[in-house]
Amino acid sequence: MKTTTRTPFYQHTLSGPVHFVGRGLHNGKPVSMTLLPAETDTGYVFERLDAEPGQQLVPARWHAVTDTRLSTTISNGYGVSVSTIEHLTAALTACGVDNCRILLDGPEVPIMDGSAKAFMERIQAEGLLVQQRERKALVVTNPVWVYERNRYAGFLPCPRPWFDVTIEFESAAIGKQNYSMPLTEHMFDSNIAEARTFGFEDQLATLQALGLAQGGSLRNAILVDGDRVVNEDGLRYEDEFVRHKLLDAVGDLSLAGVPIYGRFVGHCSGHHLNNRLLRSLMHNVSYWRLTTVREATEQWGCMIDDSTYEEMLESI
Ligand SMILES: [Zn+2]
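Residues numbered from 1 in each chain as written. Predicted model: local features only at pLDDT ≥ 70, side-chain atom pairs only at ≥ 80, totals over all residues.

K.L.:
I tried to follow the sheet that holds strand S4 (residues 44-48) on my own but got confused; where do I start?
P.N.:
Strand pairing in a sheet relies on backbone hydrogen bonds. The paired strands run either parallel or antiparallel. Read across the open sheet, the five strands follow the order S2-S3-S9-S4-S5; overall the sheet is mixed. Bordering the open sheet on either side are strand S2 (18-23) and strand S5 (57-59), each of which pairs with just one other strand. On average, each strand axis in the sheet is tilted by 25° relative to the strand beside it, whichever way the strands run. (Pairing = 2+ DSSP bridges. Helix = DSSP H or I, 4+ residues; strand = E, 2+ residues; numbered from the N terminus. Axes fitted to C-alpha atoms, helices over the stretch in contact; angles between N-to-C directions.)

This is the structure we're talking about:
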């Protein structure tokens, strides 16, 4: 880190450019991407350099999500889109970057090794600059849930950003897994950042017929065949699958545009339900209030303990 004066109460941006080259997971094409510092209150804004002048900006916001099949795609009013943004936005969020311009010469963020590790490492190596404006916070004040058959996702009031994710798959390679943690840079870096995306052998042909997963390989994804992990090197963690789902949730929910002071609970949730939850939250202004991280931290400490969470979860 170049910067040592970081504070949770103020916005941050990168101290300089960070460059990546790679391939898109779904379109398989080479792409070059540069992260640049941005002004206060910019948020994350993609710029498609290969699009027509005047149509290049694609802000990464919840209402701009246009496709959630396997990854999160955002689009602007001209139909210019950027896909598979969630691992990058997760890394930016976990590193404490509030404002960033993201220049791309193609329609998809490079997949790297299927995790957020490379993004995290290079953002941390470049370092952050503190900016002269307070960091805002969206404080969840009432529980909010969205459902889809046996899947659900929700937010509970919580004094700080927290992620609680459960998955259940028939494959014995995965089974039922849960991971729950407060979102901090250290927790994300040491437990989540390296968890890779995953897919199933029996769905690969269907996906590729749809034009998806064209760039997928054992170098950037875990492949599951029945009850077996195909990758020769195996898994990075025994529960790598649920850790990756938590990574995805951090990236998807960062599209709120400000940190969410609430506890995300996801049961078999994915990009689609994550976005539905954000839309539901944003459209119901009685479920939250907008304040600053300083005020949220000062006002919310010790108001909710673990037993209250258990009661709330049992009431679902
Ligand atoms: Zn993912």
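K.L.:
I would appreciate a short explanation of unusual backbone geometry in the present structure.
P.N.:
What you tend to see is this: most non-glycine residues have negative phi, and most peptide bonds are trans. Not every positive phi belongs to a glycine, and Asp-41 is a case in point at roughly 65°. Assessed through the 13 C-beta atoms surrounding it within 10 Å, Asp-41 is described here as partly exposed. For Arg-149, which is not glycine, the phi dihedral falls at a positive 50°. Position of Arg-149 relative to the elements: it lies in the loop between strand S12 (144-148) and strand S13 (151-157). (Buried ≥ 20, exposed ≤ 12 C-beta atoms within 10 Å, placed from the backbone.)

K.L.:
So what exactly am I meant to see when it comes to the packing of helix H5 (residues 240-253) against helix H6 (residues 271-283) here?
P.N.:
Helix-helix packing is described using two parameters, namely the angle between the two axes and the distance between the axes. Direction vectors running N to C along H5 and H6 enclose 35°, while the axes themselves pass 10 Å from each other. Handedness of the H5/H6 crossing: right-handed. For the pair H5 and H6, contact is made by Asp-248, Ala-249, Asp-252 and Leu-253 and by His-271, Asn-274, Asn-275 and Leu-278, respectively. Its residues assigned to classes, the contact of H5 with H6 shows three nonpolar, three polar and two charged. (Left-handed = near helix turned anticlockwise from the far one by under 90°. Contact = placed C-beta atoms within 7 Å. Nonpolar A, V, L, I, M, F, W, Y, C, P; charged D, E, K, R; others polar.)

K.L.:
Can you walk me through the nonpolar core in this structure?
P.N.:
Soluble, globular proteins show a tendency: their nonpolar side chains are buried together. Counting residues in hydrophobic clusters, the biggest one holds 81 residues, and the most contacted among them are Ala-91, Ile-123, Leu-246 and Val-250. The leading source of residues in this core is H5, at seven residues. Here this core spans two domains, and each of domain 1 (10-134) and domain 2 (137-314) adds at least three residues to it. Ignoring any residue separated from it by four or fewer positions in sequence, one finds Ala-91 in contact with Ala-116, Phe-119, Met-120, Ile-123 and Ala-193. (Core = buried A, V, L, I, M, F, W, Y, C linked by C-beta atoms within 7 Å. Domains from an automatic or database assignment.)

K.L.:
Help me understand the packing of helix H1 (residues 86-95) against H5 in this model?
P.N.:
For the pair H1 and H5, the least separation of the axes is 7 Å and the interaxial angle reads 80°. By the angle between their axes, H1 is roughly perpendicular relative to H5. Along the contact surface, H1 presents Glu-86, His-87, Thr-89, Ala-90, Thr-93 and Ala-94, while H5 presents Leu-247, Asp-248, Val-250, Gly-251 and Asp-252. Across the contact of H1 with H5, the residue classes tally to four nonpolar, four polar and three charged. (Parallel < 35°, antiparallel > 145°, perpendicular 65-115°, else oblique.)

K.L.:
So what exactly am I meant to see when it comes to helix H2 (residues 117-126) here?
P.N.:
Within H2, the full set of buried residues consists of Ala-118, Phe-119, Met-120, Ile-123 and Glu-126. Of the surrounding secondary structure, the elements contacted by the buried residues of H2 are strand S1 (10-14), S2, H1 and helix H3 (185-191).

K.L.:
Would you mind going over the sheet that holds strand S18 (residues 228-229) with me for this structure?
P.N.:
Taken in spatial order, the three strands make up an open sheet running S16-S17-S18, and their pairing is mixed. Of all strands in the sheet, those bounded by a partner on one side alone are strand S16 (198-200) and S18. Pairing analysis gives three bridges linking S16 to strand S17 (residues 222-225), with the strands arranged parallel. Paired with Phe-200 across the bridge in S17 is Val-224. Each of S16 and S17 is contacted by helix H4 (residues 201-209), which is oriented at about 90° to S16, the strand it contacts most.

K.L.:
Honestly, the domain arrangement of the protein in this entry has me stumped. Any pointers?
P.N.:
Size of an interface, as often reported, equals the accessible area lost when the parts are brought together. As assigned here, the protein comprises domain 1 (10-134) and domain 2 (137-314). One C-alpha centre belongs to domain 1, the other to domain 2; they are set 19 Å apart. Mapped by element, the contributors of at least two residues to the side of domain 1 that touches domain 2 are H1 and H2. It is H1 that contributes the most residues to the side of domain 1 that touches domain 2, eight residues altogether. Class assignment of the residues belonging to the side of domain 1 that touches domain 2 gives a composition of 13 nonpolar, 14 polar and seven charged.

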